[in-house]
Amino acid sequence: MQYFRIIKLLPLLLLWVQIAVAQNFPSKNYTAANELPNNTVRSLFIDNKDVLWIGTENGLVKKENDIFTNFFVEDGLALNSCWAIAEDKKYRLWFGSYGEGISIYNGTEFKVISEQDGLVNNEITKLYSYRNSMLVGTSDGVSIIDVNTLKISSLKPATSTTLFRVQDFLEYQNELFVITYNSGVFKIVTENEQKKLIKVNNHKYNYSILKNNDSIYSSNKGFYTKGKISEYLSNSPNPKIKVGESIIWDYVKTKDNKIFAAAWGIYDSNGGIYEIINHKMVSRASDFSVSSNQIISLAYSKKFDKLFVGTKDSGYYEIKLNNKIKFHSLPEHRILGFAKTDSTTAILSNKDLILSKEIKELTISVSQFKEWQENYIRTTRIPLPKHQDDFYELDYNIRAEAINFYDIKVSANKFWLNTNIGIFAITPAGDLAKYLPLHSEEINFTTKGDLIETNPYGGLRIFNDLDKLENTYYNPADSNTPTMVVNSFQQASKTYLISIFSGLYSWENNKFKSFFKENIWSEKKLKHITSIENDLAVSNEFGDVFIINDEDTFQLLRKIPRAKILGNSISFLKGHNRALIIGTEKGITIYKNNKFIFLDEEQGLQQPLLSATIFDDNLFVGSDNGYYSIDLKSVNTLRSLIDEIWLKEVLINNRKFNFKEKNQKEQIVLSYNENTILLKFSTNAHPYPHKLTYQYRLTEQEDWSPPSSKPEIFLPFLPTKDYNITVRVLDRSTGLSYTQSLIKLAIQPPFWKTWWFMFLIFAIISMMVYTLYKIQIRQNKNFEEQKGMIQKRLEETKMEALLAQMNPHFIFNAMNSIQSYIVDRDIDNATSFLGDFAKLIRLNLDHCTKQCILLVEEIEYLKLYMRVENTRFNNKIHVNIAVDSKIDVYDVEIPTMLLQTFVENVFIHAFPPSISEPTLKVSFKLLPDKTLECKIKDNGIGISKISDNKLHVSKGIILVKERLSLLGYDTDTAVKINSKQNSGTIVTLQLKPNDY
């Protein structure tokens, strides 16, 4: 058939055939227009942390995770021109300038070494790290620098008459060789502890070399040779076959053993980036999108399989050699869809349909589709459909170049294409199986295979006989009839239709069901639908995605909010195993197990993303001028790419802080006014640094900060506290995160808020309060003492008055007794009584000025008093005084004349004449608690009710109780009177030691 084009292709994963003419590798060009200080890139180097160093003609550049840092002479660089870069065993970077020597960078500052320090020449052409030395190749000799001591030894051949320009160094069989441009090859030897150069051969015009196992690639004027290293180092190197037409200035070898060459022909245009394949130079300029033909430097990252290409005129390029996303070029084709039958795959573009089966490709052009339509119109006997019920009417005059393809689907092992000139069914062999003069932007099939034709406003038709165009019409007036259908999907026994205005519909059991109208699901503005195993994924117009299950009963399993999906408008949804692939205007989000992986232009995915399908484990995405293929297995099984975070710079109050003097794990202590802090940090090298966002928290108890794209933390006016600042890196390229403690800080409070200052203030205040308290106590004590002295004196005065009040009573009773004796003319008794009375008066006068007297004095006083009183009773009263042997009468004191009143009452009231043997007993006993118990016991008449009143109103007893009260006694416990009529009276006084 003339409309088919058959070509040979390579198979892709058994079922998929690569259709593209060539695969384009994702690349990016950096120039002086954006990140670089100059477009001439003389040297490129990857250090131990996979950081890229770029040496230009006007400055040095460090590229770390897409952050560019420039260094110039004013930063300590020897010269802005940088021709060579190397790293020593101590991980210091060495930069060779062409004119001012070497700059050694330790991470913070540069040290310059030049001819003044012993360098053989200031024009550095090559640096090579060798054991504990750095080999320095110059325009006129070699210098060897000890990396530990920086001691320099310089070498030049003794008989050299030409310029000794070093191009490279070579290690072979534990020997070191120097490759020069025009002076030949030399070996470095040690004789008598002195190093010297020994010429090996006269091999000239050496621009660069590459050691590959036991072979060597050697670049010369306009060609390169490959041979054994042993032959290359022989006295007369055997000329090899000359390959290429340009000068190779640099080589790199990848982990896949691919060899790339940087070429620049100087005076011709034969340069560019090449791959050496089977001893041939194959240009990769087009594949890598490298437009410059002046390539002079290369570098390769083994970790990320990335090639760096430096040019003389266009900056440098980064090329991802083994990217997960591959672009297959189909120039001038806009890829609209993919489909697959049992044996054939199809790509639908704006220009044609491409069918691939095994190693054959069949292309059906738009002209063929137009021809098929015209043949049908000429030969059909069925009346052509007219515009009715708001269905689209076909314009049969549309030319082939104006054909619009809407979509491609597979049903009954055929490809179905709906276009603006009708619906076509194509067999896997490329034949026309059926043409339908119908115009619909969205078609699908029932589980029986009947065609469903949708129309935005005119209802819907299901064709049960396509040959006769017999159909069943579903009126839009019916609430279950789908309208404004924009997408559809068939799963199990159901066909689902998505409406932009009225939500989800399904066709099941020969009828339509509206989920919205039947109150099953209220979501209305839907746009895309796909399956995830037994579930369905549905997106709405606003970018949210819903996971639902409709096997038995409808269930809304989860909602993926648009905030989790990068992009505002969803262009397609596809399911793969348990993963959901979401295409937007910003890229592709892969959602699986609550993990989000994002792919965009950083991984080589360029907009627009027009269509998508999944064959086996590969996602194919249509775009302009070709399509992308993505290995979903490798994308979903990515390991974490971040395993380290380190602090790069600390600024405190906008001043740089030399934190490297401290262990990063130790706490940094700052004063209260050093509390505005900027922390700049970095992660280990990442292939997609723009996929990284950063969060931090100050303590484990705090929430994470909002994500930021900048690897820095600004903390203004931190309050006094201890901080353990932790950083979490979110990697959207893997969906994983990494968390690490960054730094520990302690903001000290001002001295007036410190514990010791607070304690000092508290102590001072406490001391002042205590001092004031003591002063007040002392004043109160003095006042109380004065008050007590006054009170005491008042009491003493009152007591003296009380005692003085008792004396007339004694005198009155005694005078009556004396009078009685005188009347009875009893001179002897009167004289004896008067003597005792005089002695009693003397004791009374002596005791009345004392509050307390010794017990022995009290007993003596009582004996004398009772003798005086008993004399009045003719000594008929038996008197007895008993003292406990435990009592020391010369040591115990009692209140003065305390007992006399109660003894007096006994003599006055207790013994009327009726008492035959009156007895009075006074006893003193020491109780266990050291209380002195005094008892006055008589066998008198006791206290009658009448005499009770007299006793209680006795002036003597009242005065005694008043005295005891003044002395601080509790009279209720100190004085107890127990009396029964005709049974005598017992008066008990208890005086505690502290009382007397």
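Basis of the calculations
Residues numbered from 1 in each chain as written. Predicted model: local features only at pLDDT ≥ 70, side-chain atom pairs only at ≥ 80, totals over all residues. Heavy atoms only, no water. Disulfide = S-S within 2.5 Å. pLDDT = per-residue confidence, 0-100. Contact = heavy atoms within 4.5 Å. Pairing = 2+ DSSP bridges. Helix = DSSP H or I, 4+ residues; strand = E, 2+ residues; numbered from the N terminus. Axes fitted to C-alpha atoms, helices over the stretch in contact; angles between N-to-C directions. Polar contact = N/O pair within 3.5 Å; in protein donor to acceptor, adjacent residues only side chain to side chain. Salt bridge = Lys/Arg side-chain N within 4 Å of Asp/Glu carboxyl O. Buried < 20%, exposed > 50% of the residue type's maximum accessible area, 1.4 Å probe, protein only. Left-handed = near helix turned anticlockwise from the far one by under 90°. Nonpolar A, V, L, I, M, F, W, Y, C, P; charged D, E, K, R; others polar. Expected span 1.5 Å × (residues − 1). Core = buried A, V, L, I, M, F, W, Y, C linked by side-chain atoms within 4.5 Å. Patch = residues over 30% accessible without salt bridge, like charges linked within 9 Å, V, L, I, M, F, W, Y side chains within 5 Å. Areas by Shrake-Rupley, 256 points an atom, 1.4 Å probe, with all protein chains shown as cover. Lys, Arg positive; Asp, Glu negative; His and termini not counted. Charge placed at Lys NZ, Arg CZ, Asp CG, Glu CD. Parallel < 35°, antiparallel > 145°, perpendicular 65-115°, else oblique.

> Give me the lowdown on the state of the cysteines, citing residues and values where you can.
One way to say it: the disulfide is the covalent bond shared by the sulfur atoms of two cysteines. In this structure the tally under the stated criterion is zero disulfides. Free of any disulfide, Cys 934 has its nearest cysteine sulfur in Cys 852, 12 Å distant.

> Hey, could you go over the confidence of the model for the protein chain for me, with residue numbers and the actual values?
Chain-level statistics for the protein chain give a pLDDT mean of 88 and a share of 92% at 70 or above. Counting interchain partners and residues more than four positions distant, the pLDDT-below-50 stretch residues 1–21 has 61 contacts.

> Any details on the sheet that holds strand E6 (residues 52–56)? Residues and values, ideally.
Read from one edge to the other, the open sheet built from four strands follows the order E5-E6-E7-E8, with strand pairing classed as antiparallel. Edge strands, defined here as strands with exactly one partner in the open sheet, are strand E5 (41–46) and strand E8 (67–71). Each adjacent strand pair in this sheet contributes to an overall mean axis angle of 20 degrees, direction not counted. Relative to E8, strand E7 (residues 59–64) is paired through five bridges, and the arrangement is antiparallel. By the bridge assignment, Leu 60 is partnered in E8 with Phe 71.

> Before we move on, could you go through the sheet that holds strand E35 (residues 405–411) and cite the residues and values that matter?
If you walk across this open sheet you meet the four strands as E35-E36-E37-E38, and the pairing is antiparallel. A single partner strand is all that each edge strand has here, and the edge strands are E35 and strand E38 (432–436). When the angles between neighbouring strand axes are averaged without regard to direction, this sheet yields 20 degrees. Pairing analysis gives five bridges linking strand E36 (residues 414–419) to strand E37 (residues 422–426), with the strands arranged antiparallel. Directly across from Asn 418, in E37, lies its bridge partner Ile 423. Contacting E35, E36, E37 and E38, helix H3 (residues 366–379) crosses the sheet at an angle of about 105 degrees to E37.

> Tell me about the environment of Asn 29, and please be specific about residues and values.
The topology assignment puts Asn 29 in strand E4 (residues 27–30). Once the C-alpha coordinates of Asn 29 and Asn 875 are considered, the two residues, 846 residues apart in sequence, prove to be 145 Å apart. For Asn 29, the residues in contact, after removing those within four places along its chain, are Ser 314, Tyr 316 and Tyr 317. Side-chain polar atoms of Asn 29 contact the backbone oxygen of Tyr 316, separated by 2.9 Å.

> With reference to specific residues and values, describe the pattern of salt bridges.
One pass over the full model with this rule turns up 30 salt bridges. Here Glu 57 and Arg 42 are joined by a salt bridge, their closest N and O atoms 2.9 Å apart. With a gap of 15 residues between them, Glu 57 in the loop between E6 and E7 and Arg 42 in strand E5 connect regions that are remote in the sequence. Under the relative-accessibility criterion, Arg 42 is labelled partly exposed at 22%. One network of salt bridges, in which partners are shared, links Lys 63, Asp 66, Lys 306 and Glu 318.

> Can you lay out the packing of helix H6 (residues 827–847) against helix H7 (residues 855–872) for me, pointing to particular residues and giving the numbers?
In contact at an axis separation of 10 Å, H6 and H7 are set at 145 degrees when each is read in the N-to-C sense. Where H6 crosses over H7, the two elements pack in a sense that is left-handed. In this structure, H6 uses Phe 833, Asp 836, Phe 837, Lys 839, Leu 840, Leu 843, Asn 844 and His 847 to contact H7, whose residues at the interface are Glu 857, Glu 860, Tyr 861, Leu 864, Tyr 865, Arg 867, Val 868, Thr 871 and Arg 872. Among the residues forming the contact of H6 with H7, the class breakdown is eight nonpolar, three polar and six charged.

> Provide a residue-level description of H7, including the pertinent values.
Each full turn of the α-helix corresponds to 3.6 residues, which orients residues three or four apart in the same direction. With 18 residues, H7 should reach 26 Å at 1.5 Å per residue; the first-to-last C-alpha distance of 26 Å fits that figure. For H7, the set of buried residues is Leu 855, Glu 858, Ile 859, Tyr 861, Leu 862, Leu 864, Tyr 865, Met 866, Val 868, Glu 869, Asn 870 and Thr 871.

> Could you give an account of the nonpolar core, with specific residues and numbers?
With 46 residues, the main nonpolar core has Leu 855, Phe 902, Val 903, Leu 920, Phe 924, Ile 936 and Leu 989 as its most contacted residues. Looking at this core, the elements with two or more residues in it are helix H5 (755–823), H6, H7, helix H8 (900–910), strand E68 (919–926), strand E69 (932–938), helix H10 (955–966) and strand E71 (984–991). Ignoring sequence-local partners within four residues, the contact set of Leu 989 consists of Leu 898, Leu 899, Phe 902, Leu 932, Glu 933, Cys 934, Ala 974 and Val 975. Grouped together as the second largest cluster of nonpolar side chains are 25 residues, Val 650, Phe 659, Leu 679 and Tyr 723 included.

> Let's hear about a positive patch on the surface: which residues, and what values?
Positive charge collects at one region of the surface, where Lys 886, Lys 921, Lys 925, Lys 930, Lys 935 and Lys 937 lie side by side. Within the residue set of the positive patch, elements represented by two or more residues are E68 and E69. When you line up the elements, Lys 935 lands in strand E69. Overall, the relative accessible area of 32% leaves Lys 935 in the partly exposed class.

> Could you give an account of the side chain of Asn 212, with specific residues and numbers?
Its place among the elements puts Asn 212 in strand E21 (residues 209–212). For Asn 212, a relative accessible area of 12% corresponds to the buried category. A polar contact of 2.5 Å, which involves the side chain of Asn 212, links it to the side chain of Lys 253. When sequence neighbours within four positions are dropped, the list of residues in contact with Asn 212 reads Tyr 217, Lys 253 and Ile 259.

> Give a detailed account of the packing of H7 against H8, specifying residues and quantitative values.
Contact geometry of H7 with H8 gives a least axis separation of 11 Å together with a crossing angle of 20 degrees. If you check the angle between H7 and H8, you find them roughly parallel. Note on packing geometry: the crossing formed by H7 with H8 is right-handed. Packed against H7, whose contacting residues are Glu 858, Tyr 861, Leu 862, Tyr 865, Met 866, Glu 869 and Asn 870, the element H8 presents Gln 900, Val 903, Glu 904 and Phe 907 at the interface.

> Got a sec to walk through the pairing of E21? Specific residues and values, please.
Here four bridges tie E21 to strand E22 (residues 215–220), and the two strands are oriented antiparallel to one another. Bridged to Ile 209 within E22 is Ser 218. As consecutive antiparallel partners, E21 and E22 are separated by two residues, and within that stretch Asn 213 has a phi angle of approximately 60 degrees, a positive value.

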